[in-house]
Amino acid sequence: MSGIGMRILPIKERAPKELIEAFTGIGTSIVSDNMARLHGCPNLAFPFQTRKKLIGSAFTVKTRPGDNLLIHKALDLAAPGDVLIVDAGGDTTNALIGEIMLKMALKNGIKGLVTNGAIRDSDAFRDSEFTVYAKGVTHLGPYKDGPGEINVPVNIDGMIVNPGDIILGDGDGVISIPLEQSREILEVAKDKMEKEEASLKQLDNGTYNHGWVDEILKSKGYKLEE
Ligand SMILES: O=C([O-])CC(=O)C(=O)O
Ligand SMILES: [Mg+2]
């Protein structure tokens, strides 16, 4: 056998703590605007919780749909500050994580879960500090047979996540920031945030100029009454 489908790999590199923390005050919409509005998984929600911020380092699991054996292993291997990213192939027939696993994750300092699968024991998640983005909720439980893999690249509803990427989530959704580009993305996102803050101030003090709308309309051939 080639081993593909059964790899349990270490994370080669995690972002330094200060770089992860630098994203704390920045919204996912600002980061997303600076990744060309193309990267993310807009269909995942967190219906089980009130609004919470998620920030951490990706620890990935690729599992057979409906099976959580390798997620249990990930709970033992993940480091404090990690976020579990579980690619279950988009199947929500069986829940992959429940209250007992939630407790293990919290004990190990794991910050949250992003999955294209389902969870159960949702009441326990609702009041927890642990942040979940998932595709569904069901009482039907998981199998524990494998196969699955740890710390391989995964695809969560079109969002590619590599182990060690920075994961940012808020009320607008969740986004994975590639580690190699994270400093560059942080700088442009900070610039954009300052611009947005300036616009909000100008709206408060009545100096905001909305003239750019007519400029764009004219450039597209609109005839505007002067
Ligand atoms: O049975 C499982 O592995 C998932 C579950 O409900 C729990 O963690 O409480
Ligand atoms: Mg349970």
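Residues numbered from 1 in each chain as written. Chains lettered and ligands numbered in written order. Predicted model: local features only at pLDDT ≥ 70, side-chain atom pairs only at ≥ 80, totals over all residues. Heavy atoms only, no water.

### A short note on the site of ligand 1
Point 1. Taken together, Asn68, His72, Gly98, Glu99, Ile100, Met101, Arg120, Asp121, Pro142 and Lys144 make up all the residues around ligand 1.
Point 2. Between Gly98 and ligand 1, the recorded distance is 3.3 Å, taken from a backbone N or O atom to an oxygen atom.
Point 3. Protein burial of ligand 1: of its 270 Å² of free accessible surface, 88% is covered by the chains.
Point 4. If one sorts the elements of the shell around ligand 1 by residue count, helix α4 (residues 99-107) sits on top with 3 residues.
Point 5. Of the residues that constitute the shell around ligand 1, the class distribution is 3 nonpolar, 3 polar and 4 charged. (Near = heavy atom within 4 Å. Polar contact = N/O pair within 3.5 Å; in protein donor to acceptor, adjacent residues only side chain to side chain. Areas by Shrake-Rupley, 256 points an atom, 1.4 Å probe, with all protein chains shown as cover. Helix = DSSP H or I, 4+ residues; strand = E, 2+ residues; numbered from the N terminus. Nonpolar A, V, L, I, M, F, W, Y, C, P; charged D, E, K, R; others polar.)

### Quick look at the confidence of the model for the protein
Point 1. Looking at the protein as a whole, the pLDDT averages 93, with 96% of positions reaching at least 70.
Point 2. For this predicted complex, the interface confidence score (ipTM) comes to 0.97, while the overall pTM stands at 0.93. (pLDDT = per-residue confidence, 0-100.)

### A few points about the sheet that holds strand β7 (residues 136-137)
Point 1. Strand order in the open sheet formed by 3 strands is β3-β5-β7, with parallel pairing between adjacent strands. Two strands close off the open sheet at either side, each with one partner strand: β3 (95-97) and β7.
Point 2. In this structure, β3 lies alongside strand β5 (residues 118-119), joined through 2 bridges in parallel fashion. Of the residues in β5, the one forming a bridge with Ala95 is Ala118. (Pairing = 2+ DSSP bridges.)

### Considering the environment of Ala36
Point 1. With respect to the helices, strands and loops of the structure, Ala36 is situated in the loop between α2 (28-33) and β1 (54-63).
Point 2. On the accessibility criterion, Ala36 (55% relative accessible area) is exposed.
Point 3. Taking C-alpha positions, Ala36 is 25 Å from Val152, a pair spaced 116 residues apart along the chain. (Buried < 20%, exposed > 50% of the residue type's maximum accessible area, 1.4 Å probe, protein only.)

### Notes on the UniProt feature "coiled-coil region" (unreviewed entry) in the protein
Point 1. According to UniProt, the feature "coiled-coil region" (unreviewed entry) maps to residues 179-206 in the numbering used here.
Point 2. Helix makes up 86% of residues 179-206 and strand 0%. Its end C-alpha atoms lie 40 Å apart. (UniProt positions renumbered as here; feature names shortened; annotations may be inferred.)

### Considerations on helix α6 (residues 182-205)
Point 1. Between its first and last C-alpha atoms α6 spans 34 Å; for 24 residues at 1.5 Å apiece the expected length is 34 Å, and the two agree.
Point 2. Within α6 the residues assigned to the buried category are Ser182, Ile185, Leu186 and Ala189.
Point 3. For α6, the secondary structure elements touched by its buried residues are α1 (17-22), α2, β11 (166-170) and β12 (173-177).
Point 4. Backbone geometry just downstream of α6 places Gly206 in the positive-phi region, at approximately 75 degrees. (Expected span 1.5 Å × (residues − 1). Contact = heavy atoms within 4.5 Å.)

### Here we look at the pairing of β12
Point 1. For β12, the tally of buried residues reaches 5 of 5 residues, placing the bulk of the element in the interior.
Point 2. Of the two faces of β12, the one lined by Gly173, Ile175 and Ile177 and the one lined by Val174 and Ser176 are each fully buried.
Point 3. Relative to β12, β11 runs antiparallel, the two sharing 5 bridges. Along β12, the bridge assignment pairs Leu168 with Ile175.
Point 4. From the end of β11 to the start of β12, which pair antiparallel, there are 2 residues.

### Observations regarding the nonpolar core
Point 1. Judged by nonpolar contacts, the single largest core of 24 residues is most densely connected at Ile71, Leu84, Leu113 and Phe130.
Point 2. Of all the secondary structure elements, the ones that give two or more residues to this core are β1, α3 (69-77), β2 (82-87), β3 and α4.
Point 3. Among the nonpolar cores identified, the runner-up in size contains 17 residues, and Ile20, Ile26, Ile185 and Leu186 belong to it. (Core = buried A, V, L, I, M, F, W, Y, C linked by side-chain atoms within 4.5 Å.)

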